[in-house]
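What the coordinates show
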Amino acid sequence: MASVADWLSGLFGFLGPVGTLVALLLVFVIDAAIIPTLPELAIVLSYLYRGAGVDPLLWALLLLMMAMTGEVIGNTLMFLWVRKLVVDRGHLPRIVDRAMRGWTRFLLVRDERIILVNRIAPVVPFVGAFIAVVGWSYPRSILYIVVGAAAKYSALLLLVGYLGVVYDPDTATLLTVVAVVLLVALSVAASLLLRRRAPAPPGAA
């Protein structure tokens, strides 16, 4: 584990505080707009391997700000792309439109509030696309995105901060990675459970 810790220390040391913040922002943008990037792991490692002399509380607040900003940018980019280039131009296949609208009708929550549930059990992928297709309120959706991100990543940062105080850096890193992996695994399991319990939309095979 020491070699991994040394490699991570070198990586974040090379990036520096500003580079780390920019990299974290990009991780969250890509995760929201393109492909999953394990932002949970990125933010906790960014906290653990902050530069020497950096105030922990200030650093945590900056990381949290990057997380929320990245979420807003990524989901907004996805929303604008689908809305302006696909939906408004009539290029969205009807089968896709029906499938997305049908899926939301069989979730526990049928409106923008599902974005909060999505933080625990991700049942709606590419939230920005759903905002554009099903007609959710963009301002309300962004509010839920920000609130959900603030709650989830604040909890993660509190956990990693606690582990960093109680344990040595190597042990704290190991426990943090394990905690994040378990969190993601439980989130996926909850998502699969909700999907299995949801009735199939009308017309589904």
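Residues numbered from 1 in each chain as written. Predicted model: local features only at pLDDT ≥ 70, side-chain atom pairs only at ≥ 80, totals over all residues. Heavy atoms only, no water.

If you look at the biggest cluster of nonpolar residues, it comprises 25 residues, and the most contacted ones within it are Leu24, Ile43, Tyr47, Leu63, Tyr153 and Leu157. Elements with a minimum of two residues in this core: α1 (2–33), α2 (39–48), α3 (56–87), α7 (138–166) and α8 (169–197). Non-local contacts of Tyr153, meaning those with residues more than four positions away in its chain, are made with Phe28, Pro39, Glu40, Ile43, Leu64, Ala67, Glu71 and Arg119. (Core = buried A, V, L, I, M, F, W, Y, C linked by side-chain atoms within 4.5 Å. Buried < 20%, exposed > 50% of the residue type's maximum accessible area, 1.4 Å probe, protein only. Helix = DSSP H or I, 4+ residues; strand = E, 2+ residues; numbered from the N terminus. Contact = heavy atoms within 4.5 Å.)

Looking now at a nonpolar patch on the surface. Taken together, the side chains of Val18, Val22, Leu26, Ile30, Ile34 and Ile35 make up a nonpolar region of the molecular surface, amounting to roughly 540 Å² of accessible area. Considering the arrangement of structural elements, one finds Ile35 in the loop between α1 and α2. (Patch = residues over 30% accessible without salt bridge, like charges linked within 9 Å, V, L, I, M, F, W, Y side chains within 5 Å. Areas by Shrake-Rupley, 256 points an atom, 1.4 Å probe, with all protein chains shown as cover. Salt bridge = Lys/Arg side-chain N within 4 Å of Asp/Glu carboxyl O.)

Let us look at empty space enclosed by the protein. A full pass over the atoms with the stated rule returns one cavity of 30 Å³ or more. The calculated volume of the largest cavity comes to roughly 30 Å³. Every residue lining the largest cavity is listed: Val44, Leu156, Leu159, Val160, Thr176, Ala179 and Val180. Sorting the residues of the lining of the largest cavity by element identifies α7 and α8 as the ones contributing at least two each. (1 Å grid on protein atoms, 1.4 Å probe; cavity = no way out; pocket = protein on both sides within 12 Å on 5 of 7 lines; lining within 4 Å. Points joined across faces, edges and corners; volume = space filled by probe spheres on them.)

Attention now goes to the environment of Ala190. Along the chain, Ala190 falls in helix α8. According to the relative accessible area criterion, Ala190 is partly exposed, its value standing at 25%. Apart from the residues lying within four places of it in its own chain, the contact partners of Ala190 are Ile120 and Ala121.

Once that is clear, we can look at the confidence of the model for the chain. On average, residues of the chain carry a pLDDT of 85, and 89% of them reach 70 or more. Between the elements of the chain, mean pLDDT differs from a low of 77, seen in α8, to a high of 95, seen in α3. Per-residue pLDDT stays below 50 along residues 199–205; that stretch engages in six contacts with residues further than four places along the chain or on separate chains. (pLDDT = per-residue confidence, 0-100.)

Vacant regions in the atomic arrangement are exposed by a probe of water-molecule size rolled over the atoms. Taken as a whole, the largest pocket encloses approximately 850 Å³ of empty space. Around the largest pocket, the lining is made up of 31 residues, and of these Asp31, Glu40, Asn118, Pro122 and Lys152 lie nearest the centre. Going through the elements one at a time, α1, α2, α3, α7 and α8 are the ones with two or more residues in the lining of the largest pocket. With nine residues, the single largest contributor to the lining of the largest pocket is α8. Residue classes in the lining of the largest pocket are distributed as 20 nonpolar, five polar and six charged. (Nonpolar A, V, L, I, M, F, W, Y, C, P; charged D, E, K, R; others polar.)

Next up on the list: unusual backbone geometry. Not every positive phi belongs to a glycine, and Leu38 is a case in point at roughly 50°. By secondary structure assignment, the location of Leu38 is in the loop between α1 and α2. Among the residues examined, Leu38 registers a relative accessible area of 43% and is labelled partly exposed. Look at Phe126: it is not a glycine, yet its phi comes out positive at around 50°.

Here we take up the packing of aromatic side chains. According to the stated counting rule, one finds three aromatic pairs in the structure shown. Between the NZ or CZ atom of Arg50 and the centre of the ring of Tyr47, over which it lies, the distance is 4.6 Å. (Phe/Tyr/Trp six-rings, centres within 6.5 Å; stacked < 30°, edge-to-face > 60°. Lys NZ or Arg CZ within 6 Å of the ring centre and 35° of its normal.)

Where α3 meets α7, the closest approach of the two axes is 9 Å, and the angle between their N-to-C directions is 145°. Seen from above, α3 lies across α7 with right-handed handedness. Every residue of α7 that contacts α3 at Ala60, Leu63, Leu64, Ala67, Met68, Glu71, Val72, Asn75, Thr76 and Phe79 is listed here: Tyr138, Ile142, Ile145, Val146, Ala149, Ala150, Tyr153, Ser154 and Leu157. In terms of residue class, the contact of α3 with α7 is built from 15 nonpolar, three polar and one charged. (Axes fitted to C-alpha atoms, helices over the stretch in contact; angles between N-to-C directions. Left-handed = near helix turned anticlockwise from the far one by under 90°.)

Per the counting criterion, the structure on display carries six salt bridges. The shortest N-O distance in the salt bridge between Arg101 and Asp97 comes to 3.1 Å. Of this pair, Arg101 and Asp97 both sit in helix α4 (residues 94–105), four residues apart, which is roughly one turn of the helix. Judged by relative accessible area, Arg101 falls into the partly exposed class, the value being 31%.

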